[in-house]
Amino acid sequence: MPKSKFYMPDWLQHQPYNKPDAADYAFVKITNQILDLIYSPAAQPIANALTEEAQKALAHLLASYLEDVVSNTNIFRAFTTEHHKLYNRTLPFYSCHNYDNDEINLVDVRFLIWYFFANLEEDVLMFSPHNQKILYFADQVYVILDQAYETVPENTKLYHFLHLPDRKVSFYEIRSLMGWLFCSGFLFRHNTYKINNQIDDQAEIIENKLSTQDWHEFKNEIQDTFIWNEHCSLLAYRASTWLALILGDNHPLHQALLDVSFKKRGIHEYLRKTSDKIYFKHVATEAEIEVMSGGIQFVDQLNRVGQLWTIAFVSFNNSWWNSGMSYDIPWDADRILDEKNDPYQRSLHGGTIAERLAVIQQQQNLFEQFNEGSLIHYYLSGAEAKEFITKWSEFYNNSLKLSAKEIAKSIKAFRKKGITQEQVSFGDSFPEEAGLVFFNPNVGIEVLTADLTWIPDPNNPYLKPPINERAFIELLFNPVFSKEIFEYLWNKQTHLTLSFPGKPPDPCLNENIDFFQRFNKYDSYNDEPKSYIV
C-alpha cells in the first residue's frame with residue numbers, strides 16, 4: 001500500500017489562519033507519525049478499513065486532540081464535562097478510573113477512534129467500542145501522543161481565536177466562529193461531508209439554473225442554515241450549544257448562545273424603521289419582528305413600506321438578526337396564500353414550546369382513550385391509516401365540545417388569516433405500505449411505514465414472535481424511528497441485554513442507550529412539539 005504524507009497545506013485547511021508557526025509544524029509532524037503507524041503491519045486492519053483520505057483524516061483527528069489538550073482550547077473537555085453532567089460518567093463505553101481532565105488519556109483515544117469510524121456513515125454496529133483492533137490501535141497511538149505531550153508547543157493562536165474576549169462581540173463574529181467550529185473544529189469535521197452532500201443534492205436540481213454568483217451564494221446559504229439549525233451526532237447538540245460549552249459557564253455570552261433560536265426563513269413584509277430599529281411582519285403568522293438596524297445587511301434597500309422580502313432571522317441575545325440570503329419579491333396573492341397555509345411557516349412564531357407541549361399532553365390523553373390505552377396503532381394499508389386518522393380527528397374535535405357558533409367563528413378566523421380549512425387538517429396523503437401511527441408525547445402524531453412483523457410490541461397483532469433484542473437494535477440505531485418510539489417499546493420489557501452483531505450480550509449497549517439515541521437520531525432527538533389542528 002503506497003504511503004501518503006500529511007503536509008502543511010492539509011493542516012492549515014482546518015485552521016482559522018493561513019500562516020503557520022512552530023506549533024503547526026510540530027502537530028503536522030505528529031500527524032505523520034500517526035499516519036506511519038496506520039501504514040504499519042500492526043495497524044493493517046485499521047488501514048484496510050479506510051480510504052487514503054480517511055486514513056489522513058483519522059491521523060489528523062488524533063493529532064488535533066493532542067493540540068486541543070495542550071493548548072487548553074477546551075473542545076474535548078467540553079464534551080467530557082457535558083457527558084458527565086448528563087450521565088454521571090466522563091465517557092461512554094469505557095471505565096475512567098484515574099482520569100485526568102487536564103492531560104491526555106488512553107480512554108479518550110479509544111473513544112475518538114470509535115467516534116471516527118462511527119461517523120463514516122457505515123454500519124455503526126460493525127465498530128463496537130470494545131473491538132479489539134480499535135483498542136490495540138489506541139494503545140499504539142497513545143504512545144506517540146504521550147511521548148509528544150511534554151515537548152509539543154501550545155497553539156496560542158488557536159486558543160485566542162476560539163476563546164472570545166469579554167468585550168462586546170458582534171452577531172456576525174459569533175456566526176463566523178460557529179462556522180469554523182462546526183466544520184473545522186476537530187470533533188466536528190465530518191459535518192463538512194454532510195454539508196457537501198446537501199450541496200450535491202441541490203446541484204442536481206438547480207445548479208444549471210443559476211448564475212455562477214447565485215450558485216455561490218446558494219451554497220453559502222446551505223452552510224449558513226446548517227450552522228444555525230443542524231444538530232451533530234455528538235450529543236445531538238447544535239453549533240451554538242457547543243460554542244457555549246467550550247467558552248464555559250462564566251463567559252458573558254454562555255447563556256445567550258444556549259438560548260439562540262433556529263434560523264427561521266419566510267416571507268416578511270417591511271413595515272417601518274426608526275433611528276435604531278427596523279420592523280417586519282412575518283406573513284404566515286402576522287408576528288411582528290423587531291430588528292436592530294445593525295442586524296440587517298441590506299438596510300439601504302428598504303425603500304418602500306409593504307415591500308415583501310424572503311428573509312431568514314435568528315434570535316440571539318434578545319435581538320433578531322438577519323442571516324443568509326435575502327431578496328425582495330413581487331406581491332403574489334397565491335404565494336402569500338400558500339405561505340399562510342404552510343404548517344412549517346405557521347409554526348415559526350406559533351406560541352411557546354410550553355404552550356404547544358400543553359396541547360400535545362391534552363391530545364395524548366385523548367389519543368390513549370381513543371386507542372384503547374395504546375400510543376401505537378398498526379395498519380396494513382394507507383386506506384386503513386387514513387380511516388384511523390379521520391376517526392381520531394372526529395373524536396378529538398368532538399372532545400372539544402365546541403358549539404356550532406364557536407366552530408363557525410373558528411373557521412371564520414382562519415379564513416380571515418387566509419388559512420383554508422383543508423390546509424389545517426392532518427392531511428390525506430398516506431403511503432400504501434403497512435405501517436404504524438404513533439402519538440409521540442413530545443412531538444405529536446407520527447405516521448411511519450414499516451414491516452410490522454418485527455416491531456417488538458406485545459400488542460402488535462402482526463408480530464411474528466418471539467420478541468428479541470435484534471428488533472430493539474434496529475429501533476435503536478435506525479434514525480427513521482424516533483427516540484420516543486424506542487423508549488415506549490423498550491419500557492414494555494425489562495429483561496433483554498442488547499448485543500453487537502455476532503457477539504454475546506453486552507451491557508455497554510444497555511448502559512449507553514441515550515447516548516446511542518442521540519448519536520443515531522440527532523436530526524430528530526430534539527424535535528419540538530407540533531400542534532396539528534385536526
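Note that residues are indexed from 1 along each chain, following the sequence as it is written. At least 70 in pLDDT is required for a residue's local features to be given in this predicted model, at least 80 for side-chain atom pairs to be given and counted, and no such filter applies to totals for whole chains, interfaces and linings, which use all residues. With hydrogens and water stripped out, all remaining heavy atoms of the structure feed into the side-chain values.

Labels follow the DSSP assignment, with helices taken as runs of H or I lasting at least four residues and strands as runs of E lasting at least two, numbered in each case from the N terminus. A tally of regular secondary structure across the chain gives 22 helices and nine strands. Taking 2.2 N^0.38 as the reference for a compact globule, 534 residues should give roughly 24 Å; the C-alpha atoms of the chain span a radius of gyration of 26 Å, in line with that estimate. When the backbone C-alpha atoms are referred to their principal axes, the chain occupies close to 80 × 70 × 45 Å. Summary of the burial criterion: residues with accessible area below 20% of their type's maximum are buried, those above 50% are exposed, and those between are partly exposed, where the area comes from a 1.4 Å probe applied to protein chains only. Burial status across the chain gives 51% buried among its 534 residues. Whether two residues are in contact is decided by their heavy atoms: any pair within 4.5 Å suffices. Pairs at least 24 residues apart make up 67% of the contacts formed inside the chain by residues separated by at least 6 positions. In this count, Lys and Arg are taken as positive residues and Asp and Glu as negative ones, while His and the chain termini are left out. A single reference atom marks each charge: NZ on Lys, CZ on Arg, CG on Asp, CD on Glu. Computing the positive centroid from 48 side-chain charges and the negative centroid from 69, the chain places the two 5 Å apart. Here the radius of gyration uses the C-alpha set of atoms, whereas the globule reference equals 2.2 Å times the residue count to the power 0.38.

Let's shift gears to unusual backbone geometry. Here the residue pair Pro465 and Pro466 is connected by a cis peptide bond, since its omega of 5 degrees sits within 30 degrees of zero. As for its placement among the helices and strands, Pro466 is situated in the loop between β9 (444-449) and α19 (469-477). We note that Ala236 has phi near 60 degrees; this positive angle belongs to a residue other than glycine. On the basis of relative accessible area, Ala236 is assigned to the buried category, the value being 1%.

Think of it this way: a Phe, Tyr or Trp ring, Trp meaning its six-membered ring, pairs with another when their centres are within 6.5 Å, and the plane angle makes it stacked under 30 degrees, edge-to-face over 60, tilted otherwise. Tallied over the full model, the rule gives 47 aromatic pairs. Between Trp454 and Phe481, the aromatic rings sit 5.7 Å apart at their centres with planes inclined by 85 degrees, giving edge-to-face as the arrangement. One end of the pair, Trp454, is in the loop between β9 and α19; the other, Phe481, is in the loop between α19 and α20 (483-490), and 27 residues separate them in sequence. Among the aromatic side chains, those forming a connected cluster through ring pairs are Tyr65, Phe76, Phe79, Phe93, Tyr94, Phe111, Trp114, Tyr115, Phe477, Phe515, Phe516 and Phe519. Lysine and arginine charges are scored as sitting over a ring when NZ or CZ, respectively, is within 6 Å of the ring centre and within 35 degrees of the ring normal. For Lys157, the ring lying beneath its charged end belongs to Tyr17, and the centroid distance is 3.9 Å.

Side chains Ser319 and Trp321 project from strand β5 (residues 319-322) onto one buried face, and the interleaved Trp320 and Asn322 project onto a second face that is buried too. Two strands pair if DSSP finds at least two bridges between them. The pairing of strand β4 (residues 308-316) with β5 spans four bridges and is classified as antiparallel. Each bridged residue has a counterpart across the sheet, and for Ser315 the counterpart in β5 is Trp320. Between the antiparallel neighbours β4 and β5 lie two residues, among them Asn317 with a positive phi of about 55 degrees.

On to the confidence of the model for the chain. Fine structural detail should not be taken from predicted coordinates in areas where pLDDT scores are low. Within a predicted model, pLDDT stands for the predictor's per-residue confidence, ranging from 0 to 100. Of all residues in the chain, 92% have pLDDT values of 70 or greater, and the mean over the chain is 88. A low-confidence stretch, residues 411-425 (pLDDT under 50), is modelled with 20 contacts involving residues beyond four sequence positions or located in other chains.

Glancing now at the pattern of salt bridges. Every case where a carboxyl oxygen of Asp or Glu lies within 4 Å of a side-chain nitrogen of Lys or Arg is listed as a salt bridge. Counted by the stated rule, this structure contains 18 salt bridges. With a shortest N-O distance of 3.4 Å, Lys277 and Glu290 are connected by a salt bridge. Separated by 13 residues along the polypeptide, Lys277 in strand β2 (residues 277-282) and Glu290 in strand β3 (residues 288-292) bring together distant segments of the chain. The partner of Glu528 in a salt bridge is Arg356, with the nearest N and O atoms 3.7 Å apart. One end of the pair, Glu528, is in the segment after α22 (513-520); the other, Arg356, is in helix α16 (residues 353-370), with 172 residues separating them in the sequence. Among the residues examined, Glu528 registers a relative accessible area of 29% and is labelled partly exposed. Judged by its relative accessible area of 12%, Arg356 falls in the buried class. Three or more residues joined by partner-sharing salt bridges are found here, namely Arg175, Glu221, Asp224, Lys263 and Arg265.

Turning to the environment of Gln255, a few remarks are in order. Among the structural elements, Gln255 can be located in helix α13 (residues 254-258). For Gln255, a relative accessible area of 45% puts it in the partly exposed group. With 11 residues separating them along the chain, Gln255 and Ala244 place their C-alpha atoms 7.2 Å apart.

Okay, the sheet that holds strand β8 (residues 435-440) next. Taken in spatial order, the three strands line up as β7-β8-β9 in an open sheet, and their pairing is antiparallel. For this open sheet the edge positions go to β7 (376-379) and β9, each flanked by a neighbour on one side alone. Each neighbouring strand pair of the sheet contributes to a mean axis angle of 15 degrees, computed without reference to strand direction. Across four bridges, β7 lies against β8 in antiparallel orientation. As a rule, the C-alpha atoms of each element are fitted with a line to give its axis, helices using only the stretch in contact, and angles between N-to-C directions run from 0 to 180 degrees.

Relative to each other, α16 and helix α17 (residues 382-399) sit at 120 degrees, their axes nearing to 10 Å. In terms of their interaxial angle, α16 and α17 are classed as oblique. Note on packing geometry: the crossing formed by α16 with α17 is right-handed. Where α16 approaches α17, its residues Gln362, Gln363, Leu366, Phe367, Gln369 and Phe370 are matched on the opposing element by Phe388, Lys391, Trp392, Phe395, Tyr396 and Ser399. Polar here means any residue other than Ala, Val, Leu, Ile, Met, Phe, Trp, Tyr, Cys and Pro, which are nonpolar, and Asp, Glu, Lys and Arg, which are charged; Gly is therefore polar. Its residues assigned to classes, the contact of α16 with α17 comprises seven nonpolar, four polar and one charged. Orientation labels follow simple angle bins: below 35 degrees gives roughly parallel, above 145 gives roughly antiparallel, 65 to 115 gives roughly perpendicular, and whatever is left gives oblique. Here a crossing is taken to be left-handed if its near helix is turned anticlockwise relative to the far helix by less than a right angle, and right-handed if that turn runs clockwise.

So, on to helix α12 (residues 239-247). Buried residues dominate α12, accounting for nine of its nine residues. All buried positions along α12 are accounted for by Ala239, Ser240, Thr241, Trp242, Leu243, Ala244, Leu245, Ile246 and Leu247. In this structure, the buried residues of α12 make contact with α5 (75-87), α8 (156-162), α9 (171-184), α11 (212-229) and α13. At the C-terminal side of α12, Gly248 shows a positive phi close to 95 degrees.

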